[in-house]
Amino acid sequence: DEIRGPLLSFSSGIAGFEHPCADYLFVYDEDESNVITDTDLRDGEGKQAKDETKEAYERVGQTAGHKGNTAKARAIMGQLGYSEEDISYIGDDDLHNFQGVANPFHVANIQTGETVLDLGSGLGIDSFLAMKYCGADNDDISSAGDGLVAPSVLGVDLASNEVAHANRRASERGYSSNRIRFVQGDIERLSTSLQSYGRSFDVAISNGAFCLIPSKRLAFENVFEVLRPGGRVAISQTTIKSDGLDPKLEWPVCMRMFATLESLQPILEEIGFENVKVVDANSPMEVELPIDESEDDTGAARAKIHGKVEQYQFLENLNMDELCKVVTVYAEKPGGR
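Below is a summary of the structure that appears in this document. (Residues numbered from 1 in each chain as written. Predicted model: local features only at pLDDT ≥ 70, side-chain atom pairs only at ≥ 80, totals over all residues. Heavy atoms only, no water.)

**As for the environment of V107**
Within the secondary structure, V107 is located in helix α5 (residues 105-108). Separated by 170 residues in sequence, V107 and K277 place their C-alpha atoms 9.9 Å apart. Residues contacting V107, with those up to four places away along its chain left out, are A234, V279, T328 and Y330. (Helix = DSSP H or I, 4+ residues; strand = E, 2+ residues; numbered from the N terminus. Contact = heavy atoms within 4.5 Å.)

Below, the structure written as structure tokens:
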């Protein structure tokens, strides 16, 4: 069999090779304690994916203060179903920092007075919009102590630089720190990262972060734990359709992390969620923008996640909408107030 992935990827990988290079490699197993299992390989690839994701988004957070292409962001958000009112609320000082694959607000149905958890909050755009929907932007209670007070929004992100930028922009937008804040955390360890907040969230939203999480089950288990009884999720993510990825091709690590479409509902139901719905986000994988809005006219100094890589040029010849589907997963935790 051909061996690829974390076995040979880095010196910190399973095998510990500093400079892996071979035309042929023979691997012999001499005893049972020496076996490298499929789980080992998946876990190693998951760690590699998470490390690469964090590193990439740390760079994005470092350059988020540089002005980006606001017209392009407006066009993308409009195609994803954000209203003109929502786009205007975010404003030109923040629009260019939008990150996402869909619009979880269509499914989340956030109500005035609720506590919102934004998972993979990035540079804060959806969190700011959640402030509007839950009513947390209406008053200043800065004298209420150090904690969050409902209605409120808590953003969690893996990249400390993105967290720092989002907190800074929240303050500059005039929001109270009792109503919104951003913290660094790993969604797969969410119940530990947010232990001080307890089971206090009415709704958890996410826009794209679950695409890159290695263990979707572990992530959803942790989200289940931090929701209050009767709480709900609206998680927008890209999935792989049933035919899957051709194993003969070397796919980008982000695509190897995508869940299969049919796996999501069973995972959530097994965890204990009820009323699980996998909703078509009506978000095409490829979006055509007007020429003047797709030109990168102001963002040369900004770090970017997606770019052309020669190794993956074969993707340009594929119909990504036949291979992938963007969905928003809705589900409820049993119980109620």
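**Side note on the nonpolar core**
When a protein is soluble and globular, its nonpolar side chains tend to lie buried together. Counting 31 residues, the largest nonpolar core has Y82, I110, V116, I180 and I205 as the members making the most contacts within it. Listing elements by their share of this core, those giving two or more residues are α3 (70-79), α4 (84-90), α5, α6 (125-134), α7 (160-172), β3 (180-184) and β4 (201-207). Looking at which element gives the most residues to this core, the answer is α6, with six residues. In this structure I205 touches P104, F105, A108, I110, V116, L117, D118, L119, D126, A234 and I235, once residues within four positions along its chain are discounted. Core analysis: the second largest hydrophobic core is formed by 30 residues, I187, L194, V223 and L268 among them. (Core = buried A, V, L, I, M, F, W, Y, C linked by side-chain atoms within 4.5 Å. Buried < 20%, exposed > 50% of the residue type's maximum accessible area, 1.4 Å probe, protein only.)

**Some words on a negative patch on the surface**
Together, E286, E288, D321 and E322 make up a negatively charged patch on the protein surface. The exposure class of E288 is exposed, given its relative accessible area of 73%. (Patch = residues over 30% accessible without salt bridge, like charges linked within 9 Å, V, L, I, M, F, W, Y side chains within 5 Å. Areas by Shrake-Rupley, 256 points an atom, 1.4 Å probe, with all protein chains shown as cover. Salt bridge = Lys/Arg side-chain N within 4 Å of Asp/Glu carboxyl O. Lys, Arg positive; Asp, Glu negative; His and termini not counted. Charge placed at Lys NZ, Arg CZ, Asp CG, Glu CD.)

**Describing unusual backbone geometry**
The linkage connecting A150 with the following residue, P151, adopts the cis geometry, with an omega of -5 degrees. Assignment of secondary structure puts P151 in the loop between α6 and β2 (152-157). Its identity as a non-glycine residue notwithstanding, N275 has a phi of 50 degrees, on the positive side. Structurally, N275 can be placed in strand β7 (residues 274-280). According to the relative accessible area criterion, N275 is partly exposed, its value standing at 38%. A positive phi is found at N282, a non-glycine position, where the angle reads about 50 degrees. Position of N282 relative to the elements: it lies in the loop between β7 and α12 (291-294).

**So, α3**
Within α3, the full set of buried residues consists of T70, A73, A75 and M77. The residue sitting at the N-terminus of α3 and contributing the capping side-chain oxygen is N69; that oxygen lies 3.3 Å from the backbone nitrogen of A71. Immediately beyond the C-terminal end of α3, within one or two residues, lies G81, with a positive phi of roughly 100 degrees. (Polar contact = N/O pair within 3.5 Å; in protein donor to acceptor, adjacent residues only side chain to side chain.)

**Remarks on helix α9 (residues 216-226)**
Residues of α9 that are buried include every one of K216, A219, F220, N222, V223, F224 and V226, and no others. Each element contacted by the buried residues of α9 is listed here: β1 (115-119), α8 (190-193), β4, β5 (227-240), β6 (259-260) and α11 (264-271).

**Things to note about the side chain of T63**
Mapped onto the elements of the fold, T63 is located in the loop between α2 (38-62) and α3. Using a relative accessible area of 15% as the deciding quantity, one classes T63 as buried. Each residue touching T63, except ones within four places of it in the same chain, is listed here: A301, R302 and A303.

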